[in-house]
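Observations on the model geometry
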Amino acid sequence: MSSTDRRQMLGMGALAAASALAAETFQRISTADPDALTLAELEADVDEIAVVYTSVPHVALLPRVVDRWRQVEQILDSRTAGQARARVTLLGGQFVFFLGRLAFNTGDMRSARRFAMLSGHYADEAGEPVLAASVAALHSSIAYYTGRYTAALDHLRGAARWDHPYVRARMAAYEARAHAANGDVVAARAALDRMEATAGDFRPAPGETPVGDAAVAMFRAGIAARLGDATAVAEWAPLAISGYQNRSGDFSAEEEQHAVLTLAMAHLLRPAPEPDAAAAVGIQVLTALSTNHTYTVAERVRHLDAMFMPAHRSIPAVRDFTERLRQARPALTAGTKA
């Protein structure tokens, strides 16, 4: 056999091997897509989590979210393609977003940041505006609660291309609190007005929770408290509490406790302070935290404690609140990481 013939035979053998590999690869690709029922159930799961995650203790939700995320990652590691891959990519971003929220709500900002980065990667690939904006809101929250208020605003501004009716009010609310923390009263109030104008009765979707009437009142009361506007706090805090308790529209156990704490602060901001009433409300929130710990509420309790004047510390109710807070402090700060 000539050298030319040998090269031709070798070439044909390589072609045959490549042909067999092509057939095998096609078979793997064509069977890699998850079945329709699996996808439908994963999408139903993420929708159910969106509805309940603001009212169910985070420790109860975590195993379910982690399990579904791992299932999604296994699917993404296969040769899934086309429309099925687009659906699974979005699911991956949504489940990881909820992991970021759960980490944030336990005070583990480092893990929350990692989950937010991964979720953002999936959100960009999926091109889904609610998830992408929600990731930016989570980054903003992490920056806000670590004292980086300008960075909190930058994350929100960077998400302008993902504008969507569902998240507009939430983004405006987060902008308002960052402006208030920076001392820009005019910008804070303008953002609050945009929040109220774009709020609505949305069904919770995978991502941030919507802003309805109760949340509008909660944010207005909370930012008024930061700005020292006792009149606005007294106006809005009761409306927020009533809205959450009546479960009319939006509901969040975390945000309800924020509204309750703002009412406690109102007792201290008024011209004739009522520290005993403020302490009684603080004790109520500490009791709720013992069964459903949330980092932001724990932070707000500490802010309330800092508002008591030295002369207030001898009042029995205030002494009781201070002692309960001291006893609860290790649990309130457990797991906190920057």
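Residues numbered from 1 in each chain as written. Predicted model: local features only at pLDDT ≥ 70, side-chain atom pairs only at ≥ 80, totals over all residues. Heavy atoms only, no water.

Turning our attention to the overall build of the protein. A tally of helices and strands in the protein yields 15 helices and zero strands. In summary, the protein has a C-alpha radius of gyration of 26 Å against a globular reference of 20 Å for 338 residues, an excess of more than 25%. When its C-alpha atoms are laid out on the principal axes, the protein stretches across 105 × 40 × 35 Å. Looking at the protein as a whole, 47% of its 338 residues are labelled buried. Put simply, 71% of the contacts in the protein that link residues at least 6 apart link residues at least 24 apart. Summed over its atoms, the accessible surface of the protein is roughly 15,800 Å², and 56% of this surface lies on carbon and sulfur atoms. Taking the average place of the 34 positive charges on the side chains of the protein and the average place of its 37 negative ones, the gap between the two points comes to 6 Å. (Helix = DSSP H or I, 4+ residues; strand = E, 2+ residues; numbered from the N terminus. Rg over C-alpha atoms; globule rule 2.2 N^0.38 Å. Buried < 20%, exposed > 50% of the residue type's maximum accessible area, 1.4 Å probe, protein only. Contact = heavy atoms within 4.5 Å. Areas by Shrake-Rupley, 256 points an atom, 1.4 Å probe, with all protein chains shown as cover. Lys, Arg positive; Asp, Glu negative; His and termini not counted. Charge placed at Lys NZ, Arg CZ, Asp CG, Glu CD.)

This next bit is on the packing of helix H4 (residues 82–105) against helix H6 (residues 129–145). Two elements in contact, H4 and H6, have axes separated by 11 Å at closest approach and are oriented at 20°. In terms of axis orientation, H4 runs roughly parallel to H6. As for how H4 packs across H6, the hand of that crossing is left-handed. Contacts from Leu-90, Gly-93, Gln-94, Phe-97, Gly-100, Arg-101 and Phe-104 in H4 reach Leu-131, Ser-134, Val-135, Leu-138, Ser-141, Ile-142 and Tyr-145 in H6. (Axes fitted to C-alpha atoms, helices over the stretch in contact; angles between N-to-C directions. Parallel < 35°, antiparallel > 145°, perpendicular 65-115°, else oblique. Left-handed = near helix turned anticlockwise from the far one by under 90°.)

Now for the pattern of salt bridges. Overall, the coordinates contain 20 salt bridges when judged by the stated rule. For the salt bridge of Arg-64 with Asp-45, the shortest nitrogen-to-oxygen distance reads 3.3 Å. Here Asp-45 lies in helix H2 (residues 36–52) and Arg-64 lies in helix H3 (residues 58–76), a separation of 19 residues in the sequence. For Arg-64, a relative accessible area of 24% puts it in the partly exposed group. Measuring nitrogen to oxygen at the nearest pair gives 2.7 Å for the salt bridge that ties Arg-68 to Asp-67. For Arg-68, a relative accessible area of 19% corresponds to the buried category. Via salt bridges that share partners, Asp-45, Glu-48, Arg-64, Asp-67 and Arg-68 belong to a single interconnected network. (Salt bridge = Lys/Arg side-chain N within 4 Å of Asp/Glu carboxyl O.)

What follows is about the packing of aromatic side chains. Between two aromatic rings, the relevant description is the distance of the centres plus the angle of the planes. Scanning the entire structure with this criterion turns up eleven aromatic pairs. When the centroid spacing of 5.7 Å and the interplanar angle of 70° are considered together, the rings of Tyr-166 and Phe-202 count as edge-to-face. Of this pair, Tyr-166 sits in helix H8 (residues 165–181) while Phe-202 sits in the loop between helix H9 (185–198) and helix H10 (213–227), and the two are 36 residues apart along the sequence. Exposure remark for Phe-202: the relative accessible area of 30% places this residue in the partly exposed category. (Phe/Tyr/Trp six-rings, centres within 6.5 Å; stacked < 30°, edge-to-face > 60°.)

What follows concerns helix H7 (residues 149–158). When we look at burial in H7, the residues that qualify are Ala-152, Leu-153 and Leu-156. All buried residues of H7 fall inside an arc of 95° around its axis, so they share one side. Counted as exposed and oriented over 90 degrees from the buried face of H7: Arg-157 and Gly-158. Buried residues in H7 make contact with H6 and H8. (Arc of directions from axis to C-beta.)

Of all hydrophobic cores here, the largest spans 95 residues; its most connected members are Phe-95, Met-195 and Phe-321. The element best represented in this core is H4, accounting for eleven residues. In this view, Phe-321 contacts Ala-279, Gly-282, Ile-283, Leu-286, Val-301, Leu-304, Asp-305 and Phe-308; residues no more than four positions away in its chain are not counted. Of all hydrophobic cores here, the second largest spans six residues; its members include Ala-143, Tyr-144, Leu-153 and Ala-178. (Core = buried A, V, L, I, M, F, W, Y, C linked by side-chain atoms within 4.5 Å.)

A separate point is the environment of Val-52. Structurally, Val-52 is set in helix H2. In this structure Val-52 comes out as partly exposed when scored by relative accessible area, which is 27%.

Another point: H3. The end-to-end C-alpha distance of H3 is 26 Å, a good match for the 27 Å that 19 residues give at a rise of 1.5 Å each. For H3, the secondary structure elements touched by its buried residues are H2, H4 and helix H5 (109–126). (Expected span 1.5 Å × (residues − 1).)

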